[in-house]
Amino acid sequence: MSYVLVLNSGSSSIKFQLVDPTATATDDPLVSGLVEQVGEPSGAITIKVGGEKVTEELEVPDHSFGLKRAFDLMDDHQVGTKDVDIIAVGHRVVHGGRLFSEPQLIEDQIESMIEDLIPLAPLHNPANLDGIRVARKILPDIPHVAVFDTAFFNTLPPAAALYAINSEVASKYDIRRYGFHGTSHEFVSQQVPKILDRDPEHTHQITLHLGNGASAAAIRNGRAIDTSMGLTPLAGLAMGTRTGDIDPGIIFHLVRQAGMSIDDIDKLLNKQSGVKGIAGVNDFRTLREHIDKGDEDAWLAYNIYIHQLRRFIGSYMIALGRVDAITFTAGVGENDTEVRQDALYNLDMYGIDFDKERNLVRSDEPRVISTDDSPVKVLVVPTNEELAIAQKSAEVAAQAREAGLFK
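None of these values were measured; they are calculated from a predicted model.

What to know about helix H2 (residues 108-116)
Moving on, step 1. Among the residues of H2, Ile-110, Glu-111 and Ile-114 are the ones counted as buried. In an axial view of H2, the angular spread of the buried residues amounts to 105°, which keeps them on one side of the axis. Exposed and facing more than 90 degrees away from the buried side of H2 are Asp-108, Gln-109 and Asp-116.
Moving on, step 2. Taken together, the buried residues of H2 touch strand E6 (85-93), strand E7 (104-105), helix H3 (125-138) and strand E8 (144-148).

Below you can see the structure in the form of structure tokens.
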């Protein structure tokens, strides 16, 4: 069998999987692993193979060392680069700007273009780039492919993509709505027509990626027409630790009245707000425990979260004109029955006939949780961004081989 090595390189970690690109969304990868605390005095490398989990605690000075050691552990378990047919390496890249609307075979020029986009994603693209450079050195004879989180939203119409800001300033500094979680939204939205036996070219959907980070998208006939995240992943829905949409005047107020710096405000809005900022916790299982104990802050945080979610669902119903399906995915969306029920509470007048009993069923499989007669179908579809990256990377790698660029 042939596999794609999927890499997600962060500033202090590397997540990786060996994925069969022909697998289904619920199949386990051959290998999954994590390199943690890169650059810290103490780190760890964990791999999971065939149900067995192996962890090695050691200092990981840089990404190159961490990835090489992870490969050594894979070799030790006969699933390394010498034992497995790896046809491509797929790299998750957070920001593709306006440059990239499709996956790209990585060459030196593509590396340089990704580097040019660092100002748009200073926390993410540098780490993604580190992973690309290290992996290309270790595996130089395998096609490397960049898959961009923002690519799916390059189809946004100007009215949805552009902000009402001075056009010269916006153009000079590349200010527009880019959207994120695009790989997940695209993957899930492609599953929905198959599940419902509908023509994807005539399907209007709302997809809700609800994890610690959260985003919504309106998708008409396979193309995104709106999404909640913007220039950065801070915009849109209230999230685990992020504010979501706020009055931008709040930033000026905090500078003038609280004497906060830009870095202070960045930390506040991205890491100390959202559900955690109100309730003190951002894990929805813990939040539910606090609510059950009568914690008023937890209840308030939950209600703000649901209010924002319903607001986006409503606005996207209007934007689409007709909605055929509303789909929940990611950690909260796939597992929190209360969030799904409360997000769609009392919307039967809009053709959403929610089935409470179906909603309570626990499963790792894609499923419909609305009634059979509901005009708008409600689904839970597990996302699998790694599989999506593997599939896209395998396709680009095959094209590169056909062109004679690789054996």
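From this point, things continue past the structure.
A word on a nonpolar patch on the surface
Moving on, step 1. Together, Tyr-163, Ile-165, Val-169 and Tyr-173 make up an exposed nonpolar region whose accessible area comes to about 350 Å².
Moving on, step 2. Counting through the fold element by element, Tyr-163 comes out in the loop between helix H4 (158-161) and helix H5 (167-172).

Some remarks on the environment of Asp-108
Moving on, step 1. With respect to the helices, strands and loops of the structure, Asp-108 is situated in helix H2.
Moving on, step 2. In this structure, the C-alpha to C-alpha distance between Asp-108 and Asn-166, residues 58 residues apart in sequence, is 35 Å.
Moving on, step 3. One polar contact links Asp-108 to Arg-136, side chain to side chain, over a distance of 3.3 Å.

A short note on the UniProt feature "binding site: substrate" (unreviewed entry) in the protein chain
Moving on, step 1. UniProt's entry tags Arg-92 with the feature "binding site: substrate" (unreviewed entry), counted in the numbering of this structure.
Moving on, step 2. Structurally, the position occupied by Arg-92 is in strand E6.
Moving on, step 3. Since its relative accessible area comes to 22%, Arg-92 is described here as partly exposed.
Moving on, step 4. Ignoring sequence-local partners within four residues, the contact set of Arg-92 consists of Leu-7, Asn-8, Asn-128, Val-147, Asp-149 and Ile-389.

Regarding the pairing of strand E12 (residues 325-329)
Moving on, step 1. Among the five residues that make up E12, five are buried, leaving the element largely enclosed by the rest of the structure.
Moving on, step 2. Burial along E12 is two-sided: the residues Ala-325, Thr-327 and Thr-329 and Ile-326 and Phe-328 are all buried.
Moving on, step 3. Examined bridge by bridge, strand E9 (residues 204-210) and E12 share five bridges and lie parallel to one another. Across the sheet, the residue bridging to Thr-207 is Thr-327, located in E12.

Examining the packing of helix H7 (residues 249-258) against helix H8 (residues 262-271)
Moving on, step 1. Across the interface, H7 lies against H8 with an axial gap of 10 Å and an inter-helix angle of 135°. Our classification of the angle between H7 and H8 gives oblique. Where H7 crosses over H8, the two elements pack in a sense that is right-handed. Where H7 approaches H8, its residues Ile-251, Leu-254 and Val-255 are matched on the opposing element by Ile-265, Leu-268 and Leu-269.
Moving on, step 2. Here the contact of H7 with H8 is built from residues that sort into six nonpolar, no polar and no charged.

Overview of the sheet that holds E9
Moving on, step 1. Pairing in this open sheet of six strands is mixed, and the strands run E11-E10-E9-E12-E14-E13 from one edge to the other. Bordering the open sheet on either side are strand E11 (223-227) and strand E13 (367-368), each of which pairs with just one other strand.

Concerning helix H1 (residues 63-76)
One turn of an α-helix holds 3.6 residues; hence residues three or four places apart share an orientation.
Moving on, step 1. If you check H1, its first and last C-alpha atoms are 20 Å apart, about what 14 residues at 1.5 Å a residue would give, namely 20 Å.
Moving on, step 2. On the buried face of H1, the contacting elements are strand E1 (2-9), strand E2 (14-19), strand E3 (31-36), strand E4 (43-49), strand E5 (52-58) and H3.
Moving on, step 3. Of the residues flanking the start of H1, the one acting as N-cap is Asp-62, its side-chain oxygen 3.3 Å from the backbone nitrogen of Ser-64.
Moving on, step 4. Of the residues one or two after H1, Gln-78 is the one with positive phi, at around 60°.

Parameters at a glance
- Residues numbered from 1 in each chain as written.
- Predicted model: local features only at pLDDT ≥ 70, side-chain atom pairs only at ≥ 80, totals over all residues.
- Heavy atoms only, no water.
- Buried < 20%, exposed > 50% of the residue type's maximum accessible area, 1.4 Å probe, protein only.
- Helix = DSSP H or I, 4+ residues; strand = E, 2+ residues; numbered from the N terminus.
- Arc of directions from axis to C-beta.
- Contact = heavy atoms within 4.5 Å.
- Patch = residues over 30% accessible without salt bridge, like charges linked within 9 Å, V, L, I, M, F, W, Y side chains within 5 Å.
- Areas by Shrake-Rupley, 256 points an atom, 1.4 Å probe, with all protein chains shown as cover.
- Salt bridge = Lys/Arg side-chain N within 4 Å of Asp/Glu carboxyl O.
- Polar contact = N/O pair within 3.5 Å; in protein donor to acceptor, adjacent residues only side chain to side chain.
- UniProt positions renumbered as here; feature names shortened; annotations may be inferred.
- Pairing = 2+ DSSP bridges.
- Axes fitted to C-alpha atoms, helices over the stretch in contact; angles between N-to-C directions.
- Parallel < 35°, antiparallel > 145°, perpendicular 65-115°, else oblique.
- Left-handed = near helix turned anticlockwise from the far one by under 90°.
- Nonpolar A, V, L, I, M, F, W, Y, C, P; charged D, E, K, R; others polar.
- Expected span 1.5 Å × (residues − 1).

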